[in-house]
Amino acid sequence: MAITSYPFDGQSVTESQYSQLFREFADSGVAASAGSSSFSVSADGASMDVKVQPGFAVVQGHAVLSTAVETLSIAAAGTSTRYDRVVLRLDPAVNQITLAVLQGVAGGSVPALTQTDTGIYELSLATITVGANITAVTSAAVSKERSFVGHSVGAWINATRPTAPRLGKLGYNYDADIFEFWDGSAWTPLVSSVSWSSLTGKPSTFTPSAHSHEWSEITNRPASLPPTAHKHPWGDITGAPSTYPPATHSHSWGSISDKPSTFPPSGHSHSGYLEAGDTIAWANGSKQPHNNSASGSGTWYAVWVEGDGRFCRNTSSIRFKENVRDFEIRPEDVLALRPVIYDRKASEETPEPRKNEVGLIAEEVEKSLPWLVNYLDGEVDGLRYDLLGVGLVAVAKEQAARIERLEALVEELARAS
């Protein structure tokens, strides 16, 4: 037959038929008021576990009931952020709806749900953000994704409204000729009536748009108008003298034509600062120490020297940066650095070698932390000591994480004893 009907007495009705029938009554979702704790997912806070509260739900026309808090384990974190999903999974092949965790890919997006019509169907409850190297899931990492069912549309008069409606219950009130919904405490019109007096935030006045008025429409206009400041072409002036002796006057710089665009500087020097010709050699740490004290109320900047010898200030504001992303630094590479004390070799600029300088050897640093090394003419030249603190952040974070784990272990041992 081309037409099938069910269910009737004495008739065999399949699971697929019941599922199709029930799906017309309710979409898949948690059967509870929106915002309730039914099948709510929360972080354990001290481990990689999450908790799922009891609840009742409909998944593709099948019912699932949980009567106790369930615990799910989230897989260990990696070195990059990933996203996992907590779902209710319907598997008709085994006649079961279970809680499951869809594990995402490191650095990838939220894993997609499997939602087939007659096979596996997954209903999302929450997304878990698994940060790099974390050891516990926090509440901030749990994003709830539950959908809710049970809000059917009805029709009633004031006297026959539902007595125990769920939040969001919607229906047509043909006493009042309006659609209304239950907001948790009262029946509220779906579309409120609006009057000018009921509007909030409305402007007290309105700026007129661009327009014009006919001269004849203007009242109290003057009979005559004194001329405003204006000009006349020289050719329109009669009786003008043929020549004018110039009076004492001056010219602004902007009014001068054919002026040079640049001026070569004359010979000069900058006392107390840089001498002519000084570039990168002035800042190599060996030419001259300066004992000048810093004074004044201006802003002071850290200075870099570019490869061509020009000076520039060190800037760190986000407005100078783009394509910002995390930079992985291994704490063991930082801890492997070897502080040394040494004497600097003599040169033409520093005939007397400087004794007992303290620092690092750039070639040694290059093996593990090459981004701290400066190169000149293709050879290792110096170190970015100003970036060493960035490396120490990784050491500090690892030490902090280790301390946190040890404190947690001590607390666990204390509770066990």
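In case you missed it, the structure is sitting above this.
Quick summary incoming for the structure in this document. (Residues numbered from 1 in each chain as written. Predicted model: local features only at pLDDT ≥ 70, side-chain atom pairs only at ≥ 80, totals over all residues. Heavy atoms only, no water.)

Attention now moves to the sheet that holds strand E8 (residues 96–102). Read from one edge to the other, the open sheet built from 4 strands follows the order E8-E7-E9-E10, with strand pairing classed as antiparallel. Because the sheet does not close on itself, it has two edges, and the strands there are E8 and strand E10 (142–144). Mean inter-strand twist for the sheet, computed between neighbouring axes without regard to direction, equals 20°. Where strand E7 (residues 82–91) meets strand E9 (residues 121–130), 9 bridges bridge the pair, whose relative direction is antiparallel. Paired with Val87 across the two strands is Ser124, which belongs to E9. (Pairing = 2+ DSSP bridges. Helix = DSSP H or I, 4+ residues; strand = E, 2+ residues; numbered from the N terminus. Axes fitted to C-alpha atoms, helices over the stretch in contact; angles between N-to-C directions.)

This part covers the pairing of strand E20 (residues 373–376). By the bridge criterion, 4 bridges tie E20 to strand E21 (residues 379–383) in an arrangement that is antiparallel. In the strand pairing of E21, Asn374 is matched with Gly382.

This paragraph deals with the side chain of Asp333. Within the secondary structure layout, Asp333 lies in helix H2 (residues 331–335). Judged by relative accessible area, which is 14%, Asp333 ranks as buried. Leave out the neighbours within four places in its chain, and Asp333 touches Ser368 and Leu369. (Buried < 20%, exposed > 50% of the residue type's maximum accessible area, 1.4 Å probe, protein only. Contact = heavy atoms within 4.5 Å.)

Core analysis: the biggest nonpolar cluster contains 25 residues, and Val41, Leu88 and Ile128 have the highest contact counts within it. Elements with a contribution of two residues or more to this core: strand E3 (49–52), strand E4 (55–59), E7 and E9. Here the element with the most residues in this core is E9; it accounts for 6 residues. Sequence-distant contacts of Leu88, defined by excluding residues within four places in its chain, comprise Phe39, Ala57, Val59, Val64, Ile97, Thr98, Leu99, Tyr121, Glu122, Leu123 and Leu125. Counting residues in each nonpolar core, the second largest holds 12 residues, with Ile329, Val365, Leu369 and Ala394 among its members. (Core = buried A, V, L, I, M, F, W, Y, C linked by side-chain atoms within 4.5 Å.)

In a beta sheet, neighbouring strands are held together by backbone hydrogen bonds and run either parallel or antiparallel to one another. The strand order across the open sheet formed by 4 strands is E12-E13-E14-E15, and the pairing between neighbours is mixed. Across the chains shown, the open sheet's two edge strands, defined by having one partner strand only, are strand E12 (153–156) and strand E15 (187–189). Between one strand and the next, the sheet's axes are offset by a mean angle of 35°, whatever the strand orientation. Bridging between strand E14 (residues 178–182) and E15 involves 3 bridges; their strand directions are antiparallel. Paired with Phe181 across the strands is Thr188, a residue of E15.

Here the focus is the side chain of Glu357. Checked against the element boundaries, Glu357 lands in strand E19 (residues 357–359). For Glu357, the side chain forms a polar contact with the side chain of Arg354, separated by 3.3 Å. Among residues more than four places away in sequence, those in contact with Glu357 are Val340, Ile341, Tyr342 and Arg344. (Polar contact = N/O pair within 3.5 Å; in protein donor to acceptor, adjacent residues only side chain to side chain.)

Counting across every chain of the model gives 12 salt bridges. Salt-bridge contacts for Asp84 lead to Arg82; the nearest nitrogen and oxygen are separated by 2.9 Å. Accessibility classification places Asp84 together with Arg82 in one group, the buried group. When the shortest N-O distance is used, the salt bridge between Glu332 and Arg330 registers 3.4 Å. Residue classification places Glu332 among the partly exposed residues on the basis of a relative accessible area of 40%. A relative accessible area of 48% means that Arg330 is categorised as partly exposed. Linked by salt bridges that have partners in common, Arg330, Glu332 and Asp333 make up one network. (Salt bridge = Lys/Arg side-chain N within 4 Å of Asp/Glu carboxyl O.)

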